Amino acid sequence: MDAENLELGADGGETMTTELSETARVARAALADVAPEPGVAKPDPIMSAAGVRRSFGGITAVDVERVEIQRGSITALIGPNGAGKTTFFNLMTGFDTPDAGSWAFNGKSLEKVAAHKTAGMGMVRTFQLTKSLTKMSVIENMKLGATGQTGEKWWNGLLPFRWKAQEKLIEARSDELLRRFKLDHMRNEYAGTLSGGQRKLLEMSRALMTNPQLVMLDEPMAGVNPALKQSLNQHIKGLRDEGMTVLFVEHDMDMVHDISDWVIVMAEGRIIAEGTPDQISTNPAVIDAYLGSHQGKSLLEDL
Amino acid sequence: MIAGILDLPFNDILRATLSAFFGVNAMYFAIAAIGLNVQFGYAGLLNFGQAGFMACGAYAVGMTTHYFHISFWWGIPIAITYAVVFGLIMGIPTLRLRADYLAIVTIALAEVLRLLVRSVTFKKKFGGSDGINGFAETFRSVTPFDDAKRYKMYPFDASNGSVATVLLLLLFAVGALFAGRILTRRFSKEGQNRTLVQGVATVLSFGFILVISTYVEYAGLSFKAIVVGWILAAILGLFVYMLMKSPWGRVLKGIREDEEAVRSLGKSVYSYKMQALILGGVIATFSGIMFSLDRGSVQPDNYSRDVTFYVLTALVLGGAAKVSGSIVGPMLFWGILSFADVFLNSLFKEWGNQIGIFGWKFVSNSSQVGMIVQGMIGLMLVLLMVFRPQGLFGNRKEMALDGR
């Protein structure tokens, strides 16, 4: 009886990961013929970078020769600590400027584009250390995310009739997103009263308020319990199903395996490997630099 | 000793205290605090140069007759221009940097401005350390109050005409409604009939204000600035209140919490900070205008560092990031200050030109009373920070959340 149940459970888990949505199948099919080598060109890149270099003093934090992100896919960016993943995020979104190189979003060069303008272009990021605006309510956090608000000009702010209608639409959209991310019961609480996991959810849903085409998540699963990880996984897959492109930094290899269509591996500022999750987990360079030869085994096994 | 205290002229002390509540000082501090609240309370900008913005207004109206030889009313647009330029000079180099840099630059620039206008080199333009006189006549002749008369705030006083009576009663009613709402929100318990509680609170507040008003009276000359100034404070308070309810205010509060997050959501943080700095400065400029109109003169040393920090103290006392806090804070600040001053001075006289307990004299000279009062302000601020860091109107729940 018990053994049967266990097997059933395992089966259930198996079907969950193998049963691909329509968009996932399309994304994987598009990437199937792409050669698994660093800097390879993608059939339909939404973001591309070439020769991007950034050094802090004597240390070269990022030195990316070529990289492209496939539109409509979930791409994971992995690598050891200090590999330059977050710096790369900062460079792409304008929070930091590279010493050299060019990078583009939707074919448009992002050189000299200020950080705040990238969100309007359809590119939004989250942060490794969650930035919830603690002394504002959850709904205010959400409403802040909407771009192109008339009332955000101070002279319009004085004339409620000019922004009240738009505000209602924004509020409705916020409520819808809060329901989807199961934060609707915290709607009117201060964001500072949320738990760590809830803050991650809030940050992600707030980012979605900008109506992005590319969502860049910096360690969305850090410090999140397994059950919530499952639902976060579903949420991220949901983004792709809605036509968004996701690029995320993560250390949890199970999750990377589960949801990503393509994996990019960074080490010491360079991109050392690219490929589908299966290709990556058998790539000797990745095992050396990041996964370690004991990957998949319990830490106690060797003792 | 106890008998001595009971003999003090309590009526006079009460009159001085209550008059200070609504007096010129409270009025011009309130306007400056409303402006500082936009910068410090909502946007989190540490502006330590508010006195500089106030000086912009004062010198703008002063220079109209003294240097430009144009009508006094041009002083208002000139004041706004000065404040915008001053804000840009402060903001452009610092607003991209961390908050501390703004604090350093603002305090320095306000001082530079003061030293510049009091310098001998520019005496022709700014009047040097003597300042500028004789520009307030236009304003004084426009306001419908008689210099020679004294004006009481009590609506049924003989000095008031029937129009004034009705206006004052109306004003008191608004104040009572406001006070009633705050009292109900703060003190009503679960399960009580809120309408009833609020009704009782409003009626009690109205009675209280009426009783207070019998004590409050001003000389006609300063009454002009007081009336115009408080109307201005109310308008500017409403202006800030509406702004902070709008999406613009939401962005500002977001910036106070975390700039980077707001930037990632597509808002130009630099531009918003600049807007907040300049808007707050333009509001503060009216504080300088009203103060100099009451004085009838502009003096550089009225806009020194201590004014900035007193305004900040008054704002924190009332509660930052609350419009009501920025108005009531300065009233309480000057009320307490003048109570301490008058009380200690009458005690000093009553006890035979000294104040001391158990043979230990700690005031033996009337000029020391002022210093004791200053010390009390410092103590008050320390106690406030320890026991009620959110100020009187601030939100305790908000305060308890950690900054990040």
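Computed from a predicted model, the values in this text were never measured in an experiment.

**Brief notes about the overall build of chain A**
At step 1: Counting its secondary structure elements, chain A contains twelve helices and ten strands.
At step 2: Scaling as 2.2 N^0.38, a compact globule of 303 residues should have a C-alpha radius of gyration of about 19 Å, and chain A matches this with 20 Å.
At step 3: Overall, the C-alpha framework of chain A stretches about 65 × 60 × 35 Å when taken along its three principal axes.
At step 4: Out of the 303 residues belonging to chain A, those deemed buried represent 43%.
At step 5: Sequence-distant contacts, at least 24 apart, represent 70% of the contacts inside chain A between residues at least 6 apart.

**Examining the overall build of chain B**
At step 1: Along the backbone of chain B there are 18 helices and six strands.
At step 2: Against the compact-globule benchmark of 22 Å for 404 residues, chain B has a radius of gyration of 22 Å, which places it among compact chains.
At step 3: Counting only C-alpha atoms and orienting by the principal axes, one finds that chain B spans roughly 65 × 65 × 55 Å.
At step 4: Relative to its full complement of 404 residues, chain B shows a buried share of 44%.
At step 5: Partitioning the contacts of chain B with sequence separation of at least 6, the portion at a separation of at least 24 is 75%.

**Here we look at the sheet that holds strand β3 (residues 74-78) of chain A**
The strands that make up a sheet are held in pairs by hydrogen bonds between backbone atoms, and each pair lies either parallel or antiparallel.
Residue and element names in this part refer to chain A.
At step 1: In space, the six strands of this open sheet follow the order β6-β7-β8-β3-β9-β10, with mixed pairing throughout. The open sheet has two edge strands, β6 (123-125) and β10 (270-275), and neither has a second partner. The sheet shows a mean angle of 15° between the axes of neighbouring strands, taken without regard to direction.
At step 2: Pairing of β3 with strand β9 (residues 262-267) involves four bridges; the strand directions are parallel. In the strand pairing of β9, A76 is matched with V263.
At step 3: Across the sheet, helix α12 (residues 284-291) touches β3, β9 and β10, and the angle it forms with β10 is around 125°.

**Some thoughts on the interface of chain A and chain B**
At step 1: Across the contact, 30 residues belong to chain A and 28 residues belong to chain B.
At step 2: Among the elements of the structure, α4 (115-121), β6, α5 (138-145) and α6 (154-157) of chain A are those that each provide at least two residues to the side of chain A that touches chain B.
At step 3: Broken down by class, the residue content of the side of chain A that touches chain B amounts to eleven nonpolar, ten polar and nine charged.

**Looking at the packing of helix α16 (residues 323-350) of chain B against helix α17 (residues 367-387) of chain B**
Residue and element names in this part refer to chain B.
At step 1: Their axes nearest at 10 Å, the elements α16 and α17 cross at an angle of 140°. Relative to α17, the element α16 lies oblique. In the packing of α16 onto α17, the handedness of the crossing is right-handed. Along its contact with α16, which presents I336, L337, A340, D341, L344, N345 and F348, the element α17 presents V369, I372, V373, M376, I377 and M380.

**Observations regarding α12(A)**
Residue and element names in this part refer to chain A.
At step 1: All buried positions along α12 are accounted for by V286, A289 and Y290. When α12 is viewed along its axis, its buried side chains cluster within an angular range of 85° and face the same direction. The outward face of α12, more than 90 degrees from its buried face, is lined by the exposed residues P284 and D288.
At step 2: Lining the buried residues of α12 we find β3, β9, β10 and α11 (277-281).
At step 3: Once α12 finishes, G292 follows within two positions and takes phi at roughly 85°, a positive value.

**Structural notes on the pairing of β9(A)**
All names here are of chain A.
At step 1: Burial of β9 is extensive: six of the six residues sit out of reach of the surface.
At step 2: Going residue by residue along β9, you find W262, I264 and M266 tucked away on one face and V263, V265 and A267 tucked away on the opposite face as well.
At step 3: In textbook terms, the turn of a hairpin is the stretch between consecutive antiparallel strands, and for β9 and β10 this stretch comprises two residues, one of which, E268, has a positive phi near 50°.

**A word on the nonpolar core**
At step 1: A:V265, B:F29, B:A30, B:I31, B:M290 and B:V311 are the most contacted members of the largest nonpolar core, which has 184 residues in total.
At step 2: Every residue in contact with B:V311, bar those within four places of it in the chain, is listed here: B:F29, B:A32, B:A33, B:L36 and B:Q50.

**Here we look at the environment of B:F348**
At step 1: For B:F348, the position within the fold is in helix α16.
At step 2: In this structure the C-alpha to C-alpha distance between B:F348 and B:N365, which are 17 residues apart in sequence, comes to 8.6 Å.

**Things to note about the sheet that holds strand β1 (residues 45-56) of chain A**
All names here are of chain A.
At step 1: Read across the sheet, four strands follow the order β2-β1-β4-β5 without closing on themselves; strand pairing throughout is antiparallel. At either margin of the open sheet sits one strand with a lone partner, and together these are β2 (59-70) and β5 (108-109).
At step 2: With two bridges joining them, strand β4 (residues 100-105) and β5 adopt antiparallel strand pairing. In the strand pairing of β5, A104 is matched with S109.

**Brief notes about the pairing of β1(A)**
Residues and elements named next belong to chain A.
At step 1: By the bridge criterion, ten bridges tie β1 to β2 in an arrangement that is antiparallel. For M47, the partnering residue across the bridge sits in β2 and is I69.
At step 2: In textbook terms, the turn of a hairpin is the stretch between consecutive antiparallel strands, and for β1 and β2 this stretch comprises two residues, one of which, G57, has a positive phi near 60°.
At step 3: In the sheet, β1 pairs with β4 via five bridges, with the strands oriented antiparallel. Across the sheet, the residue bridging to R53 is A100, located in β4.

**Description of the confidence of the model for chain A**
At step 1: Summary statistics for chain A give a mean pLDDT of 85 and a share of 90% for residues scoring 70 or more.
At step 2: Contacts for the low-pLDDT stretch residues 1-17 of chain A, under 50 throughout, to residues beyond four places or in other chains number one contact.

**Points about unusual backbone geometry**
Note: most peptide bonds trans; most residues except glycine with negative phi.
At step 1: Even without being glycine, A:K112 reaches a positive phi, approximately 65°.
At step 2: Among the structural elements, A:K112 can be located in the loop between β5 and α4.

**Some words on helix α8 (residues 196-208) of chain A**
All names here are of chain A.
At step 1: In this model α8 runs 19 Å from its N-terminal to its C-terminal C-alpha over 13 residues, within 8% of the 18 Å that 1.5 Å per residue would give.
At step 2: For α8, the tally of buried residues reaches eleven of 13 residues, placing the bulk of the element in the interior.
At step 3: Within the span of α8, buried status applies to Q198, R199, K200, L201, L202, E203, M204, S205, R206, A207 and L208.
At step 4: In this structure, the buried side of α8 is in contact with β6, α5, α7 (164-180), β7 (214-218) and α9 (226-241).

**Remarks on the confidence of the model for chain B**
At step 1: Across chain B, the average pLDDT comes to 88, with 98% of residues at or above 70.
At step 2: Scored by ipTM, the complex comes to 0.86, with pTM at 0.89.

**A few points about the environment of B:P300**
All names here are of chain B.
At step 1: Among the structural elements, P300 can be located in the loop between β4 (297-298) and α15 (305-318).
At step 2: Considered as a pair, P300 and G128 are 172 residues apart in the sequence and their alpha carbons are 7.9 Å apart.
At step 3: With residues near it in sequence (within four places) discarded, P300 still touches R114, V117, R118, S129 and G131.

**Thoughts on the environment of A:K168**
Residues and elements named next belong to chain A.
At step 1: Along the polypeptide, K168 turns up in helix α7.
At step 2: On the basis of neighbour counts, which here come to 10 C-beta atoms within 10 Å, the residue K168 falls in the exposed class.
At step 3: A sequence separation of 25 residues divides K168 from K143, and the C-alpha atoms of the two residues are 10.0 Å apart.

What counts, and where the lines are drawn
- Residues numbered from 1 in each chain as written.
- Chains lettered and ligands numbered in written order.
- Predicted model: local features only at pLDDT ≥ 70, side-chain atom pairs only at ≥ 80, totals over all residues.
- Helix = DSSP H or I, 4+ residues; strand = E, 2+ residues; numbered from the N terminus.
- Rg over C-alpha atoms; globule rule 2.2 N^0.38 Å.
- Buried ≥ 20, exposed ≤ 12 C-beta atoms within 10 Å, placed from the backbone.
- Contact = placed C-beta atoms within 7 Å.
- Pairing = 2+ DSSP bridges.
- Axes fitted to C-alpha atoms, helices over the stretch in contact; angles between N-to-C directions.
- Nonpolar A, V, L, I, M, F, W, Y, C, P; charged D, E, K, R; others polar.
- Parallel < 35°, antiparallel > 145°, perpendicular 65-115°, else oblique.
- Left-handed = near helix turned anticlockwise from the far one by under 90°.
- Arc of directions from axis to C-beta.
- Core = buried A, V, L, I, M, F, W, Y, C linked by C-beta atoms within 7 Å.
- pLDDT = per-residue confidence, 0-100.
- Expected span 1.5 Å × (residues − 1).

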